[in-house]
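Here's the letter readout for the chains.
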There are 2 protein chains.
Amino acid sequence: MSETARPAIVLVRPQLGENIGKAARAILNFGLTEMRLVAPRDGWPNPSAGPAAAGADIVLDQAKVFDTTAQAVADCQHVYATTVRKRGVTKPVVGADGAAQLIHAEPGRHAILFGPERSGLETEDVALARHILTVPINPEFGSLNLAQAVILVAYEWSRLGRESVTSALVQPTAQEETLPPAAQDELDGLIGHLERLLEPRGYFLPPTRAEATRRTLRSVLTKPGWNHLEVRTLRGILSTLERDRHPKD
Amino acid sequence: MSETARPAIVLVRPQLGENIGKAARAILNFGLTEMRLVAPRDGWPNPSAGPAAAGADIVLDQAKVFDTTAQAVADCQHVYATTVRKRGVTKPVVGADGAAQLIHAEPGRHAILFGPERSGLETEDVALARHILTVPINPEFGSLNLAQAVILVAYEWSRLGRESVTSALVQPTAQEETLPPAAQDELDGLIGHLERLLEPRGYFLPPTRAEATRRTLRSVLTKPGWNHLEVRTLRGILSTLERDRHPKD
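Rules behind the numbers
- Chains are numbered independently. Their residues run from 1 in the order of the written sequence.
- Labels are handed out in written order, letters beginning with A for the chains and numbers beginning with 1 for the ligands.
- The predicted nature of this model means local features are confined to residues of pLDDT at least 70 and side-chain atom pairs, given and counted, to a pLDDT of 80 or more, with totals for whole chains, interfaces and linings taken over all residues.
- The basis for every side-chain value is the complete set of heavy atoms in the structure, and neither hydrogens nor water enter the calculation.
- Lining residues are those with an atom within 4 Å of a point, where the points come from a 1 Å grid over the protein atoms alone and group into cavities, where a 1.4 Å probe fits but cannot get out, or pockets, open sets with protein on both sides within 12 Å along at least five of seven lines.
- Grid points are joined across faces, edges and corners, and a volume is the space filled by probe spheres set on the points.
- Numbering of helices and strands starts at the N terminus; helices are DSSP runs of H or I of at least 4 residues and strands are runs of E of at least 2.
- Classification convention: Asp, Glu, Lys, Arg as charged; Ala, Val, Leu, Ile, Met, Phe, Trp, Tyr, Cys, Pro as nonpolar; all other residues, Gly among them, as polar.
- Throughout, exposure labels follow a simple rule: accessible area from a 1.4 Å probe, protein chains only, divided by the maximum for the residue type, with under 20% read as buried, over 50% as exposed, and the rest as partly exposed.
- Two residues qualify as a contact provided that any one of their heavy atoms is within 4.5 Å of a heavy atom in the partner residue.
- Joining two parts hides part of their accessible area as seen by a 1.4 Å probe, and the buried area is that hidden amount summed over both.
- What counts as a salt bridge is simple: a side-chain nitrogen of Lys or Arg found within 4 Å of a carboxyl oxygen of Asp or Glu.
- Nitrogen and oxygen atoms within 3.5 Å of one another constitute a polar contact, given that in protein one can donate a hydrogen and the other can accept it, and given that sequence-neighbouring residues count only through two side-chain atoms.
- We call two strands paired when DSSP finds no fewer than two bridges between them.
- When two rings of Phe, Tyr or Trp (its six-membered ring) have centres within 6.5 Å they constitute a pair, described as stacked for plane angles under 30 degrees, edge-to-face for angles over 60, and tilted for the intermediate range.
- Remark: a charge is flagged as sitting over a ring if the NZ atom of Lys or the CZ atom of Arg is within 6 Å of the ring centre and within 35 degrees of the ring normal.

Moving on, we get to the layout of surface pockets. Residue and element names in this part refer to chain A. Counted as a void, the second largest pocket has a volume near 1,000 Å³. Considering the residues around the second largest pocket, the lining is formed by 32 residues, among which V84, E117, R118, L144 and N145 are closest to the centre. At the level of elements, α1 (17-29) and α7 (146-166) are the ones that each hand at least two residues to the lining of the second largest pocket. Its residues assigned to classes, the lining of the second largest pocket comprises 13 nonpolar, 11 polar and 8 charged.

Here's what the structure looks like:
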């Protein structure tokens, strides 16, 4: 993934240093490191930011400060304005997932604008953007804070970056750690073993039902797709059940 | 979307009331309302939760408290354990997106387990789950807090719920014919039954290995996702094995 595929996170007139730190922490979790600050209310650096960043100091240390939003995105080809509502704008609206797709697909530098905690972006900030980024939330309870909005965008960027490599939605990762199902003959050995235990106890009676009962048994034991270790465990269980109870019982 | 398609968010031994409140706020943003608490450290209700919930009182008011994780998910067919690392588990691993797909595709009740802030889920909590839920994060800076992990899962559930209206990603075909997995308490009944048979035959000896052996047993029997008919069949098999051999043998 080229460096330019990493979007810059632009906090426009952020109020609390703590929220700047939280946003830094949020994006570093997903491998983003570039933060730009437009006229932070309490100046910069802000002593409240560091503790809230919980170790994401690299993001804060490299943060660049700008006087205006226009200056902050001057070198960017693609600007997204994050808003809660689509206030009658005539720009294309994307979700966090749609924005992430565009970032991975379109060459050039991408910047995502987030407004101040209380008020959100002003109309002139939004005017700089070609896309509106809106995360659809519960219309009866919209209460995403700044760091949460930032983390969702960073998460989607990371998720779709991985996806474009593997194109797998349910990750096959760690599936490598998971063994494949045991070979059919091992499974047959397990089923045969269980049948030999059940037979003398009358499980397959009456004879007219025996075939259907065997089918059900096979079906239940085939469904899991147990690997050879699991089949071995189950063989051990059956061997134990063959044994008499412990003398002291 | 049916009510059962909404997963329960299960906070296992959460420490700070503030984080419970933040998690409530996080999920209500995306339309989830059911929170379950397992042995919250500072009891329940917790006066710190309300202010942090920022208006998501409905979630806190309806939160149910349980003594154990097993009790909290007893009525659930699908349990996901959220972990940061895939500590050598042999369960299928899904991301927040994969879990959301499964929740929308598979009938039955779904529960997502989140561990305590510092330590994460214990091995015995993870043993209850059929899937591991891991959000892939920056390997050099993994610092997702509880509410952030919760919000990503809730976000994906909401996002894919909207998407699945148009095109299902995991094919729901023939799923109508397939019964959902049995509820967790039925599965526990099966596991308990087998353990009662194995115990007097020395299967759990030596005592130092007993816990690991029980975990393996649970893991092997959790993997299949047997439905209630299949669990009933297996209970019948165990009852048969308890019987003495047929007189004529």
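Next comes the rest of the description.
The element strand β6 (residues 110-114) of chain A is largely enclosed, with a buried count of 5 among its 5 residues. Side chains H110, I112 and F114 of chain A project from β6 of chain A onto one buried face, and the interleaved A111 and L113 of chain A project onto a second face that is buried too.

Let us now look at the interface of chain B and chain A. Each partner contributes to the interface: chain B provides 72 residues, whereas chain A provides 67 residues. In this assembly, chain B packs against chain A so that about 5,900 Å² is buried in total across both faces, 58% of it on carbon and sulfur atoms. When the buried area of chain B at its contact with chain A is split by residue, N29, F141 and R201 of chain B rank highest and sum to 12% of it. Where chain B packs against chain A, one counts 5 salt bridges. Inspection of the chain B/chain A interface yields 23 residue pairs in polar contact (both at pLDDT 80 or more). The set of elements that each furnish at least two residues to the side of chain B that touches chain A consists of α1 (17-29), β5 (93-94), α5 (96-105), α7 (146-166), α8 (184-198), α9 (207-222) and α10 (228-242) of chain B. Counting residues per element, the side of chain B that touches chain A draws most heavily on α7 of chain B, at 9 residues. Residues that form the side of chain B that touches chain A fall into these classes: 33 nonpolar, 23 polar and 16 charged.

Residue and element names in this part refer to chain A. Taken in spatial order, the 7 strands line up as β3-β2-β1-β6-β4-β7-β5 in an open sheet, and their pairing is parallel. Two strands close off the open sheet at either side, each with one partner strand: β3 (64-66) and β5 (93-94). Judged from the 3 bridges that link them, strand β2 (residues 35-38) and β3 form a sheet pairing that is parallel. Residue pairing in the sheet places L37 in a bridge with V65 of β3.

Once that is clear, we can look at the pairing of strand β1 (residues 8-12) of chain B. Residue and element names in this part refer to chain B. Of all 5 residues making up β1, 5 are buried, and the element is well covered by its neighbours. Along β1, one buried face is formed by A8, V10 and V12 and the opposite face, lined by I9 and L11, is buried too. Pairing of β1 with strand β6 (residues 110-114) involves 4 bridges; the strand directions are parallel. Residue pairing across strands places L11 opposite F114, the latter belonging to β6. Relative to strand β2 (residues 35-38), β1 is paired through 4 bridges, and the arrangement is parallel.

Across all of its chains, the model carries 6 aromatic pairs over all chains by this definition. Judged by centre distance (6.4 Å) and plane angle (85°), the ring pair of Y155 of chain A and Y155 of chain B falls under edge-to-face. Taken together, the residues Y155 of chain A in helix α7 and Y155 of chain B in helix α7 connect one chain to another. We note that Y155 of chain A, like Y155 of chain B, is buried. Measuring from ring centre to ring centre gives 5.7 Å for F30 of chain B and Y155 of chain B, while their planes differ by 80°; the resulting arrangement is edge-to-face. Of this pair, F30 of chain B sits in the loop between α1 and β2 while Y155 of chain B sits in helix α7, and the two are 125 residues apart along the sequence. The buried category is assigned to F30 of chain B, whose relative accessible area is 4%. Note on Y155 of chain B: relative accessible area 2%, which makes it buried. An aromatic cluster of at least three residues, connected via ring pairs, comprises F30 and Y155 of chain A together with F30 and Y155 of chain B. Note that R214 of chain A overlies the ring of F204 of chain A, its terminal NZ or CZ placed 4.1 Å from the centroid.

Quick look at empty space enclosed by the protein now. Applying the stated criterion to the full structure yields 2 cavities of 30 Å³ or more. Of the volumes computed, that of the largest cavity is approximately 240 Å³. Together, 16 residues line the largest cavity, and L194, L234 and L238 of chain A together with L194 and L234 of chain B are the ones closest to its centre. Looking at the lining of the largest cavity, the elements with two or more residues in it are α8 (184-198) and α10 (228-242) of chain A together with α8 and α10 of chain B. For the lining of the largest cavity, the per-class residue count stands at 16 nonpolar, no polar and no charged. Empty space within the second largest cavity amounts to approximately 100 Å³. Lining the second largest cavity are 14 residues, and of these R130, A182, Q184, L187 and T222 of chain B sit closest to its centre. Elements that contribute at least two residues to the lining of the second largest cavity include exactly β4 (78-82) and α8 of chain B.

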